[in-house]
Amino acid sequence: MTDNNSKSQAYVQCINPACRAQFDCMEVLYKCPKCGELLDTLYNWDKIELPGKLSNFGKRWATRDNRLDFSGVWRFRELLNFCPDKNKVSVGEGQTILEQNCAIAEHLGMKPDCLHLQYEGLNPSGSFKDNGMTAALSHAMMVGAKSCACASTGNTSASVALYAHKCGIKCTVFIGTGRIAFGKLSQAMDYGAQTIQIHGDFDDCMKQVQDVCNELGLYLLNSLNPYRLEGQKTIMFRIIEALGWQVPDWILVPGGNLGNSSSFGKAFYELKELGLIDRIPRLVIINSTGADTLNDLVNNKGLKWNDGNVDQKIIDDYYADLTAKNFSPHTIASAIEISRPVNLKKCLRAIDVCNGLVMAVPDEEIKDAKALIGKYGLGCEPASAATVAGLRHLLADGTIDKDARVACVLTGHVLKDPNLTVNYHKDLEGQFSNPPVEVANDLQEIIKLIK
Ligand SMILES: *Cc1c(COP(=O)(O)O)cnc(C)c1O
Ligand SMILES: [Zn+2]
């Protein structure tokens with residue numbers, strides 16, 4: 001432990017206000033060794049040369065032959081300045097777009113130019129996870145890690161496997177039984193990860209992987225890892241960039257392990273502190289009703305950040321009840337099928353920073369929203385579509401104005417979960433089902449169908 005990290009540009013600090021222990025970034029820690037709470041990566045901003053105003057980051061588009069300027073994460077490197085450039089790994093992550101989507105806006109009854117979809121499916125492994133992995137694996141390189149591991153509902157393993165391969169680090173991924181979308185599983189195997197399927201759900205995998213990493217000294221890549229969340233901040237920087245360096249009114253994001261929502265809150269808090277933005281957008285975190293721990297705790301049990309003094313008893317009682325009921329979460333949105341989110345407290349802080357809201361939407365609405373996005377937008381996996389499903393409700397009850405500027409984070413690519421898409425259309429499951437039509441091998445019959 002370091003008493004005073006003021007000499008370095010970055011350090012790690014416990015989020016517990018009664019502890020606030022600080023550590024050097026060369027230590028490999030995922031939870032505070034003193035009190036067991038989550039850790040933040042923090043910066044001595046006066047030691048970092050910032051670009052003055054956000055739009056200066058945009059000038060790096062002109063120097064894209066520099067691999068760090070090409071990366072949509074490292075283009076913003078001064079805002080996540082925890083490792084030297086030589087350790088930074090990149091496979092060209094973050095080349096994602098903010099699509100203004102008038103068709104879906106009109107469908108939802110919004111003013112047409114107000115809805116934006118931040119399409120993170122364009123990342124190298126097909127989900128937003130690459131934003132975090134490029135940062136965490138860079139830290140792994142900095143500390144000389146030789147092997148790494150993660151628990152995963154699918155996309156984390158795909159992303160870890162890709163980046164570990166790039167770094168030459170051995171990689172083991174833990175997945176639950178029968179709960180992983182095929183596209184994702186195929187990636188982990190193809191990128192050469194050792195894939196271990198545990199008889200249990202994601203929460204079981206999450207517990208095992210932490211013990212395994214402690215026991216064997218593997219580098220842990222779940223979103224407990226405070227460096228991963230630093231990379232994920234850049235999703236917000238890119239949204240601001242795409243809006244001409246203005247902040248939107250609302251950000252909507254699906255909530256699983258709550259890493260994204262936590263990192264978005266941290267991003268806006270830091271930008272505001274640094275005077276790089278003048279207001280913070282509101283954040284909506286959307287659960288599936290089949291995995292709605294956050295929604296239940298915040299909206300029904302009154303759980304709050306409370307300046308860091310979170311009422312632990314509410315959480316402990318809630319989890320004890322889940323255990324007593326032998327509860328296992330169930331949703332078609334497999335990426336958010338999590339009932340004990342590891343970043344819960346950081347997410348509560350993000351809700352506090354961003355005047356945030358939490359809600360849950362049922363699977364049927366997620367499926368229809370996914371098909372709507374497919375029909376008029378870029379296509380996404382089910383968890384991502386929870387954003388648009390939630391937006392529909394928030395517009396209907398007047399929480400979000402029809403002319404508010406909204407950005408929904410589409411977290412993963414449509415090809416991640418092809419089975420779900422095929423079944424939705426073939427089995428006429430919803431409002432936008434578009435099944436294939438069979439026809440005889442006959443020109444006239446075929447023409448009749450198309451005319
Ligand atoms: C991991 C993931 C989520 C959940 O994000 P958290 O940061 O764990 O809340 C949502 N959507 C997709 C596609 C994911 O891969
Ligand atoms: Zn602590």
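Per chain, the residues get numbers from 1 upward, laid out in the order the sequence is written. All chains are assigned letters beginning at A, and all ligands numbers beginning at 1, according to the order in which they are written. Note on the predicted model: pLDDT of at least 70 is required for a residue's local features to be given, and 80 or more for side-chain atom pairs to be given and counted; whole-chain, interface and lining totals, by contrast, use all residues. Think of the side-chain values as coming from all heavy atoms in the structure, minus any hydrogens and water.

Hey, could you go over the pattern of salt bridges for me, with residue numbers and the actual values?
The term salt bridge refers to a pairing of a side-chain nitrogen on Lys or Arg with a carboxyl oxygen on Asp or Glu at a separation within 4 Å. Using the criterion set out here, one finds 21 salt bridges in the structure. The partner of Glu-120 in a salt bridge is Arg-238, and the shortest N-O contact between them spans 2.9 Å. Placement of Glu-120 in the loop between strand 5 (115-119) and helix 4 (129-142) and of Arg-238 in helix 8 (residues 226-242) is noted, with a sequence separation of 118 residues between them. Under the scheme applied here, a residue whose accessible area is under 20% of the maximum for its type counts as buried, over 50% as exposed, and between as partly exposed, the area being computed with a 1.4 Å probe on protein chains only. Residue Arg-238 is classed as buried on the basis of its relative accessible area of 4%. The residue Lys-448 makes a salt bridge to Glu-445 at a minimum N-O spacing of 3.2 Å. With a gap of three residues between them, Lys-448 and Glu-445 both fall in helix 16 (residues 443-450), about one helical turn apart. The exposure class of Lys-448 is exposed, given its relative accessible area of 58%. Each of Arg-60, Asp-69, Arg-77 and Glu-78 takes part in one network of salt bridges that share partners. The way it works is that DSSP assigns letters per residue, a run of H or I at least four long becomes a helix, a run of E at least two long becomes a strand, and they are numbered from the N terminus.

Which residues make up the site of ligand 1, and what values go with them?
By convention in this text, a residue qualifies as near a molecule or strand provided that one of its non-hydrogen atoms is within 4 Å of it. In the vicinity of ligand 1 there are 16 residues, among which Lys-129, Asn-155, Gly-256, Asn-257 and Thr-411 approach most closely. For ligand 1, the accessible surface in isolation is 380 Å², of which the surrounding protein chains cover 97%. Given that more than half its atoms are within 2 Å of the pocket grid, ligand 1 belongs to the largest cavity. Its residues assigned to classes, the shell around ligand 1 shows six nonpolar, eight polar and two charged. Exposure was quantified through the Shrake-Rupley algorithm and a 1.4 Å probe, taking into account, for residues, occlusion by the shown protein chains and nothing else. Using a 1 Å grid laid over the protein atoms alone, points where a 1.4 Å probe fits but cannot get out form a cavity; open sets with protein on both sides within 12 Å along at least 5 of 7 lines form a pocket; any residue with an atom within 4 Å of a point counts as lining. Assignment to a cavity or pocket requires that more than half of a molecule's atoms be within 2 Å of the site's grid points. Residue polarity follows a fixed list, in which Ala, Val, Leu, Ile, Met, Phe, Trp, Tyr, Cys and Pro are nonpolar, Asp, Glu, Lys and Arg are charged, and the others, Gly among them, are polar.

Run through a nonpolar patch on the surface, naming residues and quoting values.
The patches described consist of residues with a relative accessible area above 30% and no salt bridge, like charges being joined within 9 Å and nonpolar side chains (Val, Leu, Ile, Met, Phe, Trp, Tyr) within 5 Å. Together, Val-437, Val-439, Ile-446, Leu-449 and Ile-450 line one region of the surface with nonpolar side chains, adding up to about 470 Å² of accessible area. Mapping Val-439 onto the fold places it in the loop between helix 15 (418-426) and helix 16.

Give a description of the coordination of the zinc ion (ligand 2) that names residues and reports values.
Donor atoms from the polypeptide that coordinate the zinc ion (ligand 2) comprise Cys-14 (SG), Cys-19 (SG), Cys-32 (SG) and Cys-35 (SG), at 2.3 to 2.4 Å from the metal. A residue is classified by how much of its surface remains accessible, and Cys-19, at 23% relative accessible area, is partly exposed. With a relative accessible area of 3%, Cys-32 lands in the buried category. Atoms are scored as donors when they are N, O or S and lie within 2.8 Å of the metal, with 3.2 Å used for Na, K and Ca; no water is included, so coordination may look incomplete.

Please set out the pairing of strand 6 (residues 147-152) residue by residue, giving values where relevant.
Most of strand 6 sits out of view: six of its six residues are buried. Here strand 6 shows a buried face lined by Ser-147, Ala-149 and Ala-151 and a second buried face lined by Cys-148, Cys-150 and Ser-152. In short, DSSP must find at least two bridges between two strands for them to pair. Sheet topology places strand 6 next to strand 7 (residues 170-175); six bridges connect them, and they run parallel. By the bridge assignment for strand 7, Ser-147 is matched with Lys-170. Following the chain from strand 6 across helix 5 (residues 155-167) to the adjacent parallel strand 7, one finds a crossover that is right-handed. The handedness of a crossover follows from its direction of travel: if, with the strands pointing away from the viewer, the path from the first strand over the helix to the second runs clockwise, the crossover is right-handed.

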